[in-house]
Every structure is written in structure tokens, then in C-alpha cells.
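Chain and residue survey
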Amino acid sequence: MKRLLLWSSALLWLVPTACGGQASPTQPSAAAAPSASVVALEGEAGTGDGRIVERSRASGGRTIHLGPGERRRWTFAVGAAAAHYAVSVTYSNGKEGENEVISMRVDGVSLSSFLNRDSGDSTEGWNVFVTDPAGTSALRSGSHTIVLEVSGGDGCVEIDLVTLTPPAAGLVP
Ligand SMILES: [Ca+2]
Ligand SMILES: [Ca+2]
């Protein structure tokens, strides 16, 4: 009987937290703030290292080719109120050898590092694009910079697009 009571109280405690909690009536309405929108940064539109490659299936028809130690930088503005943006990187990486580590920094602060994957074989694979998550960044209204750096691997990855998606944008069809 005592154990049963313990279990039921444990369940009562666990259920709301496991679901992330219910929306509190005291929370500010989301409609009060201007909704944030998706920020799409073409690899080829950034500044820094790399060379532009034409790829028919890439966003904008182009990528930026980066080798080990090379980096690309973008400056962009966020107009809406502060929001948590999910950052993702779309790239191609034809299978050559070892994979590269892609590191992201936002406003000078390390955001994530991940090992990329092969997007296909060593020829056609360069025109096949995959998207990987690269962390979440809280951004206030104003200007920001994002830097992508490549290290290790066989020396080749092509960055097509860096996308920052605010939470609400995922709900819009
Ligand atoms: Ca590679
Ligand atoms: Ca592109």
C-alpha cells in the first residue's frame, strides 16, 4: 500500500514535466510580438574562404567549396523580437575519404560542431544535398554574424545554405 502511494505520487510528479508542462495562463501571448521569419543564408553569398561551384540542384544553383581550416562568414539582421532559431546546414559531400567536422559560431560564441556525412558518391554525390541540425541560437532583434568553419576530413565539403528557423515558422505550411 505504501509502495502504491509512492508510485502514484511519483507519476503525478512525472506526468507534467515529461510533457514539458502546460501553458501557463500568465505567459505572454505569442501574438503580441512580431513573428520571426526564416533566415536563409546562401553559402555563396557569404564572405571569407572558399570558391563558388555551380551545382544544378543547389539552392541558388551554387555552393561554396571549403577545405580544412577554411571558414565562411555571414552577417544578417533579425527584425522580430528575440526567438530561438534552429540552425541547420545544407551541404554536399561526395564520398572521397574521411569526413569533415563543421563548427558553427554565432556572434563569436561556439554554437556546435558536428561530423558531416557523405551525400553520395564521389561524382554525382556533389550534386546531392543533405541538411544537418547545427544547434539552436537565441537571437535578439538586430545584426548578427554566423561563421562556419571546416576542419579535418579529406578537404572537401560544399556549403549550399545555412538556415535559421524560428519555432513558429515550422507551423506555417
Ligand atoms: Ca569531404
Ligand atoms: Ca546555395
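Scroll up to find the structure.
One structure accompanies this document, and this report is about it. (Residues numbered from 1 in each chain as written. Chains lettered and ligands numbered in written order. Predicted model: local features only at pLDDT ≥ 70, side-chain atom pairs only at ≥ 80, totals over all residues. Heavy atoms only, no water.)

A closer look at the overall build of the chain
- Helix and strand counts for the chain come out as 1 helix and 11 strands.
- Seen in sequence order, the chain has helices and strands lined up from the N terminus as α-β-β-β-β-β-β-β-β-β-β-β.
- The buried share of the chain, taken over its 173 residues, is 37%.
- Pairs at least 24 apart in sequence give 77% of the contacts found in the chain among residues at least 6 apart.
- Surface summary for the chain: the accessible area is close to 10,100 Å², and the carbon and sulfur share equals 58%. (Helix = DSSP H or I, 4+ residues; strand = E, 2+ residues; numbered from the N terminus. Buried < 20%, exposed > 50% of the residue type's maximum accessible area, 1.4 Å probe, protein only. Contact = heavy atoms within 4.5 Å. Areas by Shrake-Rupley, 256 points an atom, 1.4 Å probe, with all protein chains shown as cover.)

Some remarks on the pattern of salt bridges
- Following the criterion strictly, the structure yields 5 salt bridges and no others.
- Among the ionic pairs, E158 bridges to R55, the shortest N-O distance being 2.7 Å. On the criterion of sequence distance, the pair formed by E158 in strand β11 (residues 157-165) and R55 in the loop between β3 (51-54) and β4 (62-66) is long-range, its members being 103 residues apart. This pair shows no difference in class: E158 is buried, exactly as R55 is.
- Across the pair R117 and D132 runs a salt bridge, and its minimum N-O distance is 2.7 Å. Taken together, the residues R117 in the loop between β8 (109-115) and β9 (130-139) and D132 in strand β9 connect sequence positions 15 residues apart. (Salt bridge = Lys/Arg side-chain N within 4 Å of Asp/Glu carboxyl O.)

Comments concerning the coordination of the calcium ion (ligand 1)
- Taken together, the protein donors to the calcium ion (ligand 1) comprise N93 (OD1), E100 (OE), E100 (OE), D154 (OD), D154 (OD) and C156 (O), at separations of 2.3 to 3.0 Å.
- Each of the 6 donor atoms around the calcium ion (ligand 1) contributes to a set of angles spanning 45 to 156°, which defines the coordination as irregular.
- Within one chain, the residues serving as donors to the calcium ion (ligand 1) are arranged as N-x6-E-x53-D-x1-C.
- Residue classification places C156 among the partly exposed positions, given a relative accessible area of 22%. (Donors = N, O, S within 2.8 Å, 3.2 Å for Na, K, Ca; no water. Tetrahedral: all angles 85-135°; square planar, octahedral: opposite > 155°, others 65-115°.)

A closer look at the coordination of the calcium ion (ligand 2)
- Around the calcium ion (ligand 2), the protein supplies E42 (OE), E44 (OE), E44 (OE), S59 (O), R62 (O), D160 (O) and D160 (OD) as donor atoms, at distances of 2.2 to 2.7 Å.
- The sequence pattern describing where the donors of the calcium ion (ligand 2) fall on their chain is E-x1-E-x14-S-x2-R-x97-D. Of this pair, E42 sits in strand β1 (residues 39-42) while D160 sits in strand β11; the two residues are 118 residues apart in sequence, bridging distant segments of the chain.

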